[in-house]
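Observations on the model geometry
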Amino acid sequence: MKKLTECKKGSSCTVIKLHASGPLKQRLLSFGMMKGVRIELLEYSATKSTVEIKVGKMRIALRKEEAELIEVEINE
Amino acid sequence: MNKIKIALVGQPNVGKSMLINSISNAHLHVGNFTGVTVEKTAVMFEFQGYKFTVIDLPGTYAFTDYSIEERVTHDYLCNEEYDLILNVVDATNLEKNLQLTAELMTMSKKIVLAINMMDEADAEGIAIDGQYLSELTGLPVAKVSAVARTGLEEMLYLAIKTHKASQQELKLIFSEALEEEITTIKAYLDRHKFKASISNRNIAINLLQKEKKTYRTLHDNPIWIELQPLLVEADKHVSLHHNSDDIKEVFAEEYLAFNRGIIAETVKAENTEIKLSMTEKIDRILIHPVFGIPIFLFFMWGLFQLTFEVGSIPMEWIDGFFSWFGELIGSSISNADVRSLVVDGIISGVGAVVLFIPNIVILFIGIALLESTGYMSRVAFLLDGFFHKFGLHGQSFIPLVTGFGCSIPAYMSARVLKNDRDRLLTLFIIGFMSCGARLPVYVLFAGAFFSEHHAGNILFAIYIGGALIGLAAAKVLRMTAFKGLDEPFVMEMPKYRLPALKLIWHTVKTKTWMYLKKAGTFIAAASMLVWFLSNYPHNAALEASYASQIESVGEEKASVLRNTLKVELLEQSYLGRIGKFIEPVFTPLGFDWKMAVALQAGLAAKEVVVSTLGVLYALGDKVDAENSGLMKVISKNIPFPSAVAFIVVIMIYLPCLAASVVFTKEAGGIKYFFYLFALTTIVAYVLAFVAYRLTLLIV
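Small disclaimer: the values here were computed from a predicted structure and weren't measured.

**Section: the overall build of chain A**
Helices and strands together make up the secondary structure of chain A, namely two helices and six strands. Whereas a compact globule of 76 residues would reach a radius of gyration of roughly 11 Å, chain A reaches 11 Å, a difference of no more than 12%. Looking at chain A as a whole, 47% of its 76 residues qualify as buried.

So, in structure tokens, the structure goes:
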């Protein structure tokens with residue numbers, strides 16, 4: 001199982017499963033993050049504590065703790 | 001006249017406020033509903049013989065009730081009376097925006113879809129077939145641009161037409177598996193002739209979505225007995241089909257599939273990558289792992305400089321105006337008590353509030369710029385890592401830094417924090433950032449006890465020390481009073497946009513006016529109270545005895561006597577009596593009653609500490625921090641350990657009256673003021689005591 005935080009900057013991946021629950025899961029879903037959706041990894045902050053991703057046309061900032069709850073498959 | 005009440009709904013950043021500004025044009029009539037933090041705004045205007053009321057609801061990504069904004073919108077849409085929903089979507093990002101639209105479509109309310117930002121879509125080469133979109137979904141579609149002011153009238157005509165129409169046929173189509181279950185449940189409801197204000201199909205959808213209100217209603221109906229097993233079966237089937245037992249996830253996937261279908265049919269996009277990469281190019285610099293933070297610090301420094309350097313110019317004029325005005329009014333009042341109340345109480349109190357207007361205006365413009373350009377979320381992205389360690393949010397940075405200038409705009413700028421707990425925590429910490437008004441006190445004491453060479457370093461240490469204590473306090477508060485799970489940090493990084501000047505002007509104007517109106521009345525009242533406490537009771541005998549003495553001596557001695565009179569009057573005033581009364585409390589910190597009174601006077605405004613010390617140590621009224629006479633007197637009269645403890649108290653204790661009032665307003669209740677009072681007093685007292693004892697040991 002690979003986490004979103006294991007992706008390299010500039011790479012892309014596909015969501016396999018959301019391991020979040022409650023409000024966080026709802027928030028992820030409302031941002032269009034659900035299984036089968038392609039995510040592009042745009043940038044990490046200096047200490048890797050936050051990450052910027054792109055889902056569809058939307059850029060989203062996530063904290064590391066939240067990003068780790070997204071299981072992905074890295075695209076070739 | 002016919003009336004139409006419209007609920008304006010949309011995801012954040014789709015230009016709802018701009019749209020509301022554009023349609024209502026100059027006939028803007030803004031009224032604020034009272035809400036704890038998030039306010040919904042009503043705008044009234046007339047069009048084609050109809051009286052429109054548009055309720056601007058907070059932006060929400062999904063129809064849920066987790067965050068406050070979402071709850072405001074959710075509750076309004078579910079419980080209030082309105083004629084139709086005007087759903088605003090961003091033409092350049094339909095896929096994401098239609099998720100909310102699809103959810104709204106299950107509500108059995110009349111909806112008009114306004115596709116906003118058509119000008120941007122055109123520029124990006126996105127063509128939308130509105131007619132076909134309308135045919136596919138059953139939604140009346142208006143293509144508009146709030147910025148370019150196109151399509152606005154057509155949108156209003158469409159609203160009137162939809163309002164007049166009896167029923168709206170919406171076509172929201174789900175996957176086969178889900179449709180099958182919907183049909184089964186609907187058929188069951190139809191068979192039992194179940195009738196409600198919403199269609200049976202929508203009831204079926206709501207039941208499958210596990211919508212609480214629908215469940216509650218049907219639960220009390222006899223048909224529930226047979227309906228329940230039907231629902232259990234349907235739920236199992238749907239979960240199996242979607243390989244998920246989370247019905248919210250199932251529906252999100254369903255909506256997305258539906259929306260993708262619609263978009264594939266109606267949207268033709270050409271070279272969409274060009275404009276998008278523009279934002280990404282800027283981001284490459286602004287959120288660069290190495291340069292991002294320095295660039296941000298530079299912007300903040302600039303804003304800070306503007307706020308307090310440029311802002312100080314009109315401040316001088318305002319100050320001058322109020323002292324001129326005070327004298328003018330004062331000279332026309334013969335009764336001394338009334339004159340003192342009007343001039344020293346009301347005019348100077350209100351003047352103190354108005355004085356901050358330039359600061360607040362500049363700061364609000366700055367914040368509005370940060371927010372409307374899309375830079376604010378980048379800031380949170382950059383700083384969240386650091387602030388999260390202390391239990392704060394990335395966006396707490398802006399109010400905290402502002403706090404070094406003046407706490408009042410800082411409290412108000414804490415509104416950038418959307419989560420209530422983060423915002424409250426930040427409000428409590430702002431006071432630890434030493435504001436500009438405390439500087440004179442620091443300068444005075446640093447100058448009194450340290451050589452000029454060291455004084456600068458001491459000042460710096462005081463500021464940094466305050467900030468560190470603040471961060472530590474944040475951590476402690478987070479682990480105690482504000483305990484709980486961290487607010488997830490999942491945030492949209494919007495496209496960079498040039499700010500709309502009109503909207504910024506409008507925001508700044510409204511906020512400034514609210515500050516004047518709210519804070520002005522309270523602060524005027526409170527400063528009258530402080531004036532009263534420090535001026536009463538009068539002691540005619542004391543004044544008379546001094547008056548005769550003053551007459552009999554020369555001019556030089558007279559000024560000394562006048563000062564002594566002032567000290568004695570202050571000593572026997574209510575404020576002085578309180579000072580005397582609480583003196584024992586301050587004895588462990590090494591303070592005498594004069595220092596205690598000066599601290600209390602500082603509750604009115606921190607600058608007053610210096611002038612009060614001046615009065616109390618009988619130097620005259622006109623003293624400032626650079627006054628070397630006062631420095632000498634202080635270094636002679638106040639032991640060094642007491643001075644250290646005094647500085648610690650100044651650093652930490654309750655912010656000035658004006659700031660406390662604003663704090664109470666922003667926090668949303670008087671109880672928070674008492675919490676702040678308790679927090680700052682306890683921390684200040686304990687740390688001052690420790691500092692006093694330690695210095696006693698060392699010196």
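After presenting the structure, the write-up continues.
**With respect to the overall build of chain B**
When helices and strands are counted, chain B shows 32 helices and 10 strands. Each principal axis of the C-alpha distribution contributes one length, and for chain B these read about 105 × 60 × 60 Å. Counting over 699 residues, chain B shows a buried share of 39%. Long-range contacts, defined as pairs at least 24 residues apart, comprise 72% of the intrachain contacts of chain B with a sequence gap of at least 6.

**Brief notes about the interface of chain A and chain B**
With 27 residues of chain A at the interface, the matching set in chain B holds 30 residues. Mapped onto the side of chain A that touches chain B, the elements with two or more residues apiece are helix H1 (22-30), strand S3 (38-44), strand S4 (50-55) and strand S5 (58-63) of chain A. Of the residues forming the side of chain A that touches chain B, the biggest block, seven residues, is contributed by H1 of chain A. Residue composition of the side of chain A that touches chain B, by class: 12 nonpolar, eight polar and seven charged. Relative to strand S10 (residues 490-493) of chain B, S5 of chain A runs antiparallel, the two being bridged by four bridges. The residue bridging Ala61 of chain A from the neighbouring strand is Met491 of chain B, located in S10 of chain B.

**What about the pairing of S4 of chain A?**
Residues and elements named next belong to chain A. Among the six residues of S4, five are classified as buried, and the element is accordingly described as predominantly covered. Two elements, S3 and S4, share five bridges in a ladder whose sense is antiparallel. Residue pairing for S4: Tyr44 is matched across the bridge by Val51. Hairpin connection between S3 and S4: a loop of five residues separates the two successive antiparallel strands, and Lys48 in this loop has a positive phi of roughly 65°. Where S4 meets S5, six bridges bridge the pair, whose relative direction is antiparallel. Residue pairing for S5: Val51 is matched across the bridge by Leu62. Linkage of S4 to S5, two consecutive antiparallel strands, is achieved through a turn of two residues, within which Gly56 is found at a positive phi near 60°.

**Looking at the packing of helix H31 (residues 657-667) of chain B against helix H32 (residues 670-698) of chain B**
Between two packed helices, both the angle of their axes relative to each other and the distance between the axes serve to describe the pair. All names here are of chain B. For the pair H31 and H32, interaxial distance at closest approach is 8 Å and the crossing angle is 125°. Relative to H32, the element H31 is oriented oblique. Here the hand of the crossing between H31 and H32 comes out right-handed. Mapping the contact onto sequence places Ser660, Phe663, Thr664 and Ala667 in H31 and Ile670, Tyr672, Phe673 and Leu676 in H32. The residue inventory of the contact of H31 with H32, partitioned by class, reads six nonpolar, two polar and no charged.

**Digging into the domain arrangement of chain B**
Residue and element names in this part refer to chain B. Considered domain by domain, chain B is made up of domain 1 (2-164) and domain 2 (176-269). Measuring from the centre of the C-alpha atoms in domain 1 to the corresponding centre in domain 2 gives 26 Å. Counting from both sides, the interface comprises 18 residues of domain 1 and, opposite them, 18 residues of domain 2. Mapped onto the side of domain 1 that touches domain 2, the elements with two or more residues apiece are helix H3 (94-105), strand S7 (126-128) and helix H5 (130-137).

**What to know about the sheet that holds strand S2 (residues 12-18) of chain A**
Taking strand neighbours across the sheet as the criterion, the seven strands line up as S1(A)-S6(A)-S2(A)-S3(A)-S4(A)-S5(A)-S10(B) in an open arrangement whose pairing is antiparallel. The open sheet has two edge strands with one neighbour each: strand S1 (2-3) of chain A together with S10 of chain B. Here S1 of chain A runs beside strand S6 (residues 70-74) of chain A; their pairing, made up of two bridges, is antiparallel. Among the inter-strand pairings, Lys3 of chain A is bridged to a residue of S6 of chain A, identified as Glu71 of chain A. Together, S4 and S5 of chain A together with S10 of chain B form the strand contacts of helix H17 (residues 375-388) of chain B, whose direction differs from that of S10 of chain B by roughly 150°.

**Quick look at the nonpolar core**
By size, the foremost hydrophobic cluster in this structure holds 194 residues, and its most contacted members are Ile60 of chain A together with Leu8, Ala114, Ile115, Tyr411 and Val648 of chain B. Looking at this core element by element, the count peaks at 10 residues for helix H30 (residues 640-652) of chain B. Looking at this core, you find at least three residues from each of domain 1 (2-164) and domain 2 (176-269) of chain B. The residues touching Ile60 of chain A, leaving out its near neighbours within four places in the chain, are Phe31, Ile53 and Val55 of chain A together with Val490, Met491, Glu492 and Met493 of chain B.

**Some words on unusual backbone geometry**
Residues and elements named next belong to chain B. Phi at Gln48 takes a positive value of approximately 50°, unusual for a residue other than glycine. With respect to the helices and strands, the residue Gln48 is situated in the loop between strand S3 (41-47) and strand S4 (50-56). If you check the backbone angles, Met117 has positive phi at about 65° while not being a glycine. The topology assignment puts Met117 in the loop between strand S6 (111-116) and helix H4 (118-123). Judged by C-beta crowding, with 29 C-beta atoms within 10 Å, Met117 ranks as buried.

**So, the environment of Ile39 of chain A**
Residue and element names in this part refer to chain A. Relative to the assigned elements, Ile39 resides in strand S3. Along the sequence, Ile39 and Met58 sit 19 residues apart, while their C-alpha atoms lie 10 Å from each other. Apart from residues lying up to four places away in sequence, Ile39 is in contact with Leu4, Ser12, Cys13, Val15, Ile53, Lys54, Val55 and Val72.

**Comments concerning helix H1 (residues 16-24) of chain B**
Across the nine residues of H1 of chain B, eight count as buried, placing the element largely inside the fold. Taken together, the buried positions of H1 of chain B are occupied by Lys16, Ser17, Met18, Leu19, Ile20, Asn21, Ser22 and Ile23 of chain B.

**Examining the environment of Glu179 of chain B**
For Glu179 of chain B, the location among the structural elements is in helix H7 (residues 176-191). When the C-alpha positions of Glu179 of chain B and Ala204 of chain B are compared, they lie 10.0 Å apart, and in sequence the two are 25 residues distant.

**Concerning the confidence of the model for chain B**
Residue and element names in this part refer to chain B. Within chain B, residue pLDDT values average 83, and 93% of them lie at 70 or more. Overall, residues 26-37 carries pLDDT values under 50, and its contacts beyond four positions in sequence, including any with other chains, amount to 19 contacts. Complex prediction metrics read pTM 0.74 and ipTM 0.91.

**So, the packing of H7 of chain B against helix H8 (residues 200-208) of chain B**
Residues and elements named next belong to chain B. Interaxial distance between H7 and H8 falls to 8 Å at its minimum, and their mutual angle equals 125°. In this view, H7 runs oblique relative to H8, as classed from their interaxial angle. The element H7 and its partner H8 pack so that their crossing is right-handed. Touching Glu181, Ile182, Ile185, Lys186, Leu189 and Asp190 of H7 are Asn200, Arg201, Ile203, Ala204, Ile205, Leu207 and Leu208, all from H8.

Cut-offs and rules
- Residues numbered from 1 in each chain as written.
- Chains lettered and ligands numbered in written order.
- Predicted model: local features only at pLDDT ≥ 70, side-chain atom pairs only at ≥ 80, totals over all residues.
- Helix = DSSP H or I, 4+ residues; strand = E, 2+ residues; numbered from the N terminus.
- Rg over C-alpha atoms; globule rule 2.2 N^0.38 Å.
- Buried ≥ 20, exposed ≤ 12 C-beta atoms within 10 Å, placed from the backbone.
- Contact = placed C-beta atoms within 7 Å.
- Nonpolar A, V, L, I, M, F, W, Y, C, P; charged D, E, K, R; others polar.
- Pairing = 2+ DSSP bridges.
- Axes fitted to C-alpha atoms, helices over the stretch in contact; angles between N-to-C directions.
- Parallel < 35°, antiparallel > 145°, perpendicular 65-115°, else oblique.
- Left-handed = near helix turned anticlockwise from the far one by under 90°.
- Domains from an automatic or database assignment.
- Core = buried A, V, L, I, M, F, W, Y, C linked by C-beta atoms within 7 Å.
- pLDDT = per-residue confidence, 0-100.

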